[in-house]
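Listed here are the chains, written in short residue letters.
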Amino acid sequence: MFKKFIINKKEIIKLPFPTESMPISVDKEEIKENLIRYFTDTSIDKGCLKASKINNIIYPLEDCHVFISHSSIDKDNAEKLANWLWSNFHIKSFIDSLFWGCITYLQSKMDEKICRFNLKKNTWNYSDRNYSTAYVHMLLSNALTEMIRNTECFIFIDSNNSITVDKDGFEKDTSSPWIFHELYTVNTIQPIIPERLRKDKQSMECFNESINKALEFDVTRELSDLQQIHPGDLTKWSTWQSKQTTKNPENALDYFYNRPGPTLQTLFEEVLDINN
């Protein structure tokens, strides 16, 4: 992960409908079949469950440029943003619900394998169920961390579904443990400068400046460290691309990282939009 941004859902809604859809090479049914095959393997009964094997089946690592963090309720907006990035720049985005198997399906298979107390009475062992839940959630947490680390750019979609603000407007919370994990992760892992930018003095200077900035989960601190994508930024980005002869995702990201700052008029309009 190199750069991290936050965008209001309203800006995504304003985007024109993408002319292309991002290609998805994952077969969800194949993931389910592979899980069934793994959990019905009789050799498991003689040993233990292998986290690495389960991870490779349900959470395969994808080669993506951008990690899009969002509320599950905003899934359609996340997909629109991903398709817009692909359509305009051939930037490939990671959205967990598109690439990975369902966590609830994995949980059900785990429970059937290790938590059954009495098959006839359909009862479950409470302690074993707690263990299996922790196991499944840890697998997902580790997979999310690895994907964030491997993608170059992180974009968080800010909406009423993902973030709530207290009555005084100071504290920002999320009810999603996964959003909390993703925001916490991007603010704790060491940023990695892309190889193509290591010899670029201007990019290195911008990077060094950004490093020095300093149930519900309080994510006020985590959100404050994300760079705001202002109204008009995506339109300007698309306009820049229209003047290029080819679609190169790395060049497009470089332009976006070093794009000009917002005008006073843009900031004024943004404040009015928030207040309304």
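Scroll up to find the structure.
**Some words on the packing of helix 4 (residues 75–89) against helix 11 (residues 233–242)**
Following both chains from N to C, one finds helix 4 and helix 11 inclined at 25 degrees, their axes separated by 10 Å at the closest point. By the angle between their axes, helix 4 is roughly parallel relative to helix 11. Residues Leu 81, Trp 84, Leu 85, Asn 88 and Phe 89 of helix 4 form the contact with helix 11, whose participating residues are Leu 234, Trp 237, Ser 238 and Gln 241. Of the residues assigned to the contact of helix 4 with helix 11, the class counts are six nonpolar, three polar and no charged.

**Brief notes about the side chain of Asn 55**
Counting through the fold element by element, Asn 55 comes out in helix 3 (residues 51–58). The buried category is assigned to Asn 55, whose relative accessible area is 17%. Contact partners of Asn 55, with chain neighbours within four places excluded, come to Pro 60, Leu 139 and Ala 143.

**Observations concerning the pattern of salt bridges**
Inspection of every chain in the model, using the stated rule, returns 12 salt bridges. The closest approach of N and O atoms between Glu 79 and Lys 75, which form a salt bridge, is 2.4 Å. With Glu 79 and Lys 75 both in helix 4 and four residues apart, this pair spans about one turn of that helix. For the salt bridge of Asp 233 with Arg 259, the shortest nitrogen-to-oxygen distance reads 3.2 Å. Here Asp 233, found in helix 11, pairs with Arg 259, found in the loop between helix 12 (249–257) and helix 13 (264–275); they are 26 residues apart in sequence, far enough to count as distant. Within this structure, Glu 152, Arg 196 and Asp 254 form a network of salt bridges that share partners.

**Details of the sheet that holds strand 8 (residues 172–174)**
Adjacent strands of a sheet pair through backbone hydrogen bonds, lying either parallel or antiparallel. Read across the sheet, three strands follow the order 7-8-9 without closing on themselves; strand pairing throughout is antiparallel. If you trace the sheet from one side to the other, it starts and ends with strand 7 (164–165) and strand 9 (217–218), each paired once. Judged from the two bridges that link them, strand 8 and strand 9 form a sheet pairing that is antiparallel. If you follow Asp 173 over to strand 9, its bridge partner there is Asp 218.

**Concerning the packing of aromatic side chains**
The way to describe two aromatic rings as a pair is by their centre distance and the angle between their planes. Scanning the model with the defined rule gives 16 aromatic pairs in all. On the basis of an interplanar angle of 10 degrees and a centroid distance of 6.3 Å, the ring pair of Phe 5 and Tyr 257 is categorised as stacked. Both rings, one in Tyr 38 and one in Phe 39, keep their centres 5.5 Å apart while their planes meet at 80 degrees; by these two values the pair is edge-to-face. The pair Tyr 38 / Phe 39 is uniform in exposure class, with both members buried. Every member of this aromatic cluster is reached through a ring pair, and the members are Phe 2, Phe 5, Trp 84, Phe 89, Trp 237, Phe 256 and Tyr 257. Lying across the ring of Phe 2, Lys 3 places its NZ or CZ 5.4 Å from the centre.

**So, helix 3**
All of the buried residues in helix 3 are Ile 54, Asn 55, Ile 57 and Ile 58. Along the long axis of helix 3, the arc covered by the buried residues comes to 165 degrees, so they all point the same way. Buried positions along helix 3 lie against helix 2 (28–39), helix 6 (103–114) and helix 7 (126–150).

**What to know about a negative patch on the surface**
Together, Asp 27, Glu 29, Glu 30 and Glu 33 line one region of the surface with negative charge. On the accessibility criterion, Asp 27 (42% relative accessible area) is partly exposed.

**Quick word on the pairing of strand 1 (residues 3–8)**
Of all the six residues making up strand 1, five are buried; the element is thus mostly covered by neighbouring parts of the structure. Here strand 1 pairs with strand 6 (residues 153–158) via six bridges, running parallel. Across the sheet, the residue bridging to Phe 5 is Ile 155, located in strand 6. Bridge count for strand 1 against strand 10 (residues 227–228) is two bridges, and the pairing is parallel. Pairing of Ile 6 across the sheet is with Gln 228, part of strand 10.

**Some details on the side chain of Gln 241**
Relative to the assigned elements, Gln 241 resides in helix 11. Residue class for Gln 241 comes out buried when judged on its relative accessible area of 7%. Sequence-distant contacts of Gln 241, defined by excluding residues within four places in its chain, comprise Asn 88, Phe 89, Thr 246, Lys 247 and Ala 252.

**Re the nonpolar core**
Ranked by size, the top nonpolar core spans 68 residues in total, and within it Ile 54, Trp 100, Leu 106, Phe 154, Phe 156, Leu 234 and Trp 237 carry the most contacts. Setting aside anything within four residues of it in sequence, one finds Leu 106 in contact with Leu 35, Phe 39, Ile 54, Ile 58, Tyr 59, Val 136 and Leu 139.

**Considering the environment of Pro 260**
Mapped onto the fold, Pro 260 is located in the loop between helix 12 and helix 13. For the pair formed by Pro 260 and Lys 236, sequence separation is 24 residues and the distance between their alpha carbons is 9.8 Å.

What counts, and where the lines are drawn
Residues numbered from 1 in each chain as written. Predicted model: local features only at pLDDT ≥ 70, side-chain atom pairs only at ≥ 80, totals over all residues. Heavy atoms only, no water. Axes fitted to C-alpha atoms, helices over the stretch in contact; angles between N-to-C directions. Helix = DSSP H or I, 4+ residues; strand = E, 2+ residues; numbered from the N terminus. Parallel < 35°, antiparallel > 145°, perpendicular 65-115°, else oblique. Contact = heavy atoms within 4.5 Å. Nonpolar A, V, L, I, M, F, W, Y, C, P; charged D, E, K, R; others polar. Buried < 20%, exposed > 50% of the residue type's maximum accessible area, 1.4 Å probe, protein only. Salt bridge = Lys/Arg side-chain N within 4 Å of Asp/Glu carboxyl O. Pairing = 2+ DSSP bridges. Phe/Tyr/Trp six-rings, centres within 6.5 Å; stacked < 30°, edge-to-face > 60°. Lys NZ or Arg CZ within 6 Å of the ring centre and 35° of its normal. Arc of directions from axis to C-beta. Patch = residues over 30% accessible without salt bridge, like charges linked within 9 Å, V, L, I, M, F, W, Y side chains within 5 Å. Areas by Shrake-Rupley, 256 points an atom, 1.4 Å probe, with all protein chains shown as cover. Lys, Arg positive; Asp, Glu negative; His and termini not counted. Charge placed at Lys NZ, Arg CZ, Asp CG, Glu CD. Core = buried A, V, L, I, M, F, W, Y, C linked by side-chain atoms within 4.5 Å.

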